[in-house]
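Residue-level structural notes
Spelled out, the chains give:
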Amino acid sequence: MGRAILLGLAAFAGLAAPVFAQAEPGQPVAKAQNALEAAWTAARKTAIPGPAKVKLLDQGELAIPAGDVFVPAAEANRIMEAIGNPASSSRFGLIVSLKDQDIWMVDVAWLKEGYVRDDEARDWKPDTLLASLKDNTEQDNAGREARGLPALDVVGWAQPPAYDAAAHRLVWSMLVKDRGAPASAPQTVNYNTYALGREGYFSLDLITDSAHITADRPVAAQLLGSLNFAAGKRYQDFNQSTDKVAAYGLAALVGVVAVKKLGLLALAGVFLLKVWKLGLLALAGASAAFRKFFRRKADEDATL
């Protein structure tokens, strides 16, 4: 086992030790660590370090800046499963940072839902959208509790929904916490950005915490701005006589559709290992392990 792997796992185990003590008998620490190690190792072999242009299927491309790494879909899903989240057929990849101070991750997905009409953005009211989010989250809580997950409370906006009608880009962010958690507890911030195209949309969801959102917000803006649709796939290329129209409009991306993703994007602990929460510190530990892996890969490549 490489030294980087050992360091990453040691940091991870040290941060999560109090929580692992609560794990179910069938999920020992070693099994969880082995799954993480295997996922990181697979990601290390396929990761694309920036600066680089990543082809987005037949839809366009995304620029990955220097200091960041793109992990393709198969390995990204494996990482997400290793840290307790479900795999997703719509997941296109993950973006992680190699900078020591960064704890964020960006989950990139492609939803081929058709052309999402944006006319309702002219009239939407943030308070009404927030009330809808709270109602939908409450309805989803029964299912969450049945799966052994904590009920969630939507605290409010970290950023109210903002739609750029010229660029066809949507940005919004909410604060969510575990029900019953103290008011002083760190809160997860899910900074959700969307790029609309002719046949669907890309979502780039930055996952961080309330202590880092001010510093991390520009990361999401830069990545969203660097995503370009190919000619013929752009939002303005829509042909109403031939193209599929999505079953929902723009407001749904801040309502019902968003709530369906809460299992991944709105957990106050951010990452889960099965049914126990690692907490926000585990995010920092996981990111540190990624950095060690990818830096080591870069050093090895440089010696070839």
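Look above for the structure.
Scope of this entry: the structure provided in the associated data block. Throughout, residues of each chain are indexed from 1 in the direction in which the sequence is written. In view of the model being predicted, local features appear only for residues whose pLDDT reaches at least 70, and side-chain atom pairs are presented and counted only at 80 or more, with totals across whole chains, interfaces and linings using the full set of residues. The basis for the side-chain values is all heavy atoms of the structure; hydrogens and waters are excluded.

1. Quick word on the overall build of the chain
The secondary structure listing takes helices from DSSP runs of H or I that are at least 4 residues long and strands from runs of E that are at least 2 residues long, numbered from the N terminus. Tallying secondary structure elements over the chain gives 8 helices and 13 strands in all. Note on contacts: a residue pair qualifies if any of its non-hydrogen atoms lie within 4.5 Å across the two residues. Excluding contacts between residues fewer than 6 apart, the proportion of contacts in the chain whose partners are at least 24 apart in sequence is 66%. All accessibility values rest on the Shrake-Rupley procedure with a 1.4 Å probe; residue burial counts only the protein chains present in the view. A total of about 13,300 Å² of accessible surface is found on the chain, and carbon and sulfur atoms cover 55% of it.

2. Notes on the pattern of salt bridges
Here, a salt bridge means any side-chain nitrogen of Lys or Arg that lies within 4 Å of a carboxyl oxygen of Asp or Glu. The tally for this structure, following the rule as stated, stands at 9 salt bridges. For Lys99, the salt bridge is made with Asp68, and the minimal N-O distance between the two is 3.9 Å. Separated by 31 residues along the polypeptide, Lys99 in the loop between β5 (91-97) and β6 (105-111) and Asp68 in strand β4 (residues 68-72) bring together distant segments of the chain. Exposed residues in this analysis have more than 50% of their type's maximum accessible area, buried residues have under 20%, and partly exposed residues fall in between, with area computed by a 1.4 Å probe over protein chains only. Taking relative accessible area as the criterion, Lys99 reaches 34% and is therefore assigned partly exposed. Given the relative accessible area of 4%, Asp68 is considered buried. Connected via shared salt-bridge partners are Asp58, Glu199 and Lys233.

3. Remarks on helix α5 (residues 213-225)
With 13 residues, α5 extends 18 Å between its outermost C-alpha atoms, agreeing within 8% with the 18 Å of an ideal straight helix rising 1.5 Å per residue. Regarding α5, the residues found buried are Ile213, Asp216, Val219, Ala220, Leu223 and Leu224. For α5, the angular spread of buried residues about the axis comes to 125 degrees, placing them on one side. The outward face of α5, more than 90 degrees from its buried face, is lined by the exposed residues Thr214, Ala215, Pro218 and Gly225. How far a helix is expected to stretch is found by multiplying one less than its residue total by 1.5 Å. As used here, the arc belongs to the directions running from the helix axis to the C-beta atoms.

4. Looking at the packing of aromatic side chains
The geometry of an aromatic ring pair comes down to the distance between the two centres and the angle between the two planes. Stacked, edge-to-face and tilted are the three classes for Phe, Tyr and Trp ring pairs, Trp counted by its six-membered ring, which pair at centre distances within 6.5 Å; planes under 30 degrees apart are stacked, over 60 edge-to-face, the rest tilted. Taken as a whole and assessed by the stated rule, the structure comprises 8 aromatic pairs. Between Phe92 and Phe202 the ring centres are 6.5 Å apart and the planes differ by 80 degrees, which places this aromatic pair in the edge-to-face class. On the criterion of sequence distance, the pair formed by Phe92 in strand β5 and Phe202 in strand β10 (residues 201-209) is long-range, its members being 110 residues apart. Across this residue pair, the class does not change: Phe92 and Phe202 are buried. Ring centres 4.4 Å apart and planes at 25 degrees place the aromatic pair Tyr115 and Tyr235 in the stacked group. Note that Tyr115 is positioned in the loop between β6 and α4 (126-146) and Tyr235 in the loop between β11 (227-229) and α6 (256-260), a separation of 120 residues in sequence. The class for Tyr115 is buried, based on a relative accessible area of 11%.

5. Overview of the nonpolar core
Throughout, nonpolar core names a set of buried Ala, Val, Leu, Ile, Met, Phe, Trp, Tyr and Cys residues whose side chains join them through atoms within 4.5 Å. With 29 residues, the main nonpolar core has Trp124, Trp157, Leu170, Trp172, Tyr201, Leu250 and Leu253 as its most contacted residues. For this core, the secondary structure elements donating two or more residues are β6, α4, β7 (152-164), β8 (169-178) and β9 (188-196). Ignoring sequence-local partners within four residues, the contact set of Leu250 consists of Val116, Arg117, Asp118, Glu120, Ala121, Trp124, Tyr163, Leu170 and Leu196. Val106, Val108, Trp110 and Ala195 belong to the second largest nonpolar core, which has 26 residues in total.

6. Some thoughts on the pairing of β5
By the criterion of burial, β5 is predominantly enclosed, with 7 of the 7 residues buried. One ladder, built from 5 bridges, connects β4 with β5; its direction is antiparallel. Along β5, the bridge assignment pairs Asp68 with Ser97. The pairing of β5 with β6 spans 5 bridges and is antiparallel. Paired with Gly93 across the two strands is Val108, which belongs to β6. Pairing between strands is defined by DSSP: at least two bridges between the two strands are required.

7. Brief notes about the environment of Asp237
Within the secondary structure, Asp237 is located in the loop between β11 and α6. Placed 40 residues apart in sequence, Asp237 and Gly197 show a C-alpha to C-alpha distance of 8.3 Å.

8. Considerations on the side chain of Thr193
Relative to the helices and strands, Thr193 resides in strand β9. Polar side-chain contacts of Thr193 include one of 2.8 Å to the backbone oxygen of Leu204. Excluding residues that lie within four positions of it along the chain, Thr193 makes contacts with Leu170, Val171, Phe202, Ser203, Leu204, Asp205, Ala220 and Leu224. Think of a polar contact as two N or O atoms within 3.5 Å of one another; within protein, one of them needs to be a possible hydrogen donor and the other a possible acceptor, and neighboring residues in sequence only count if both atoms come from side chains.

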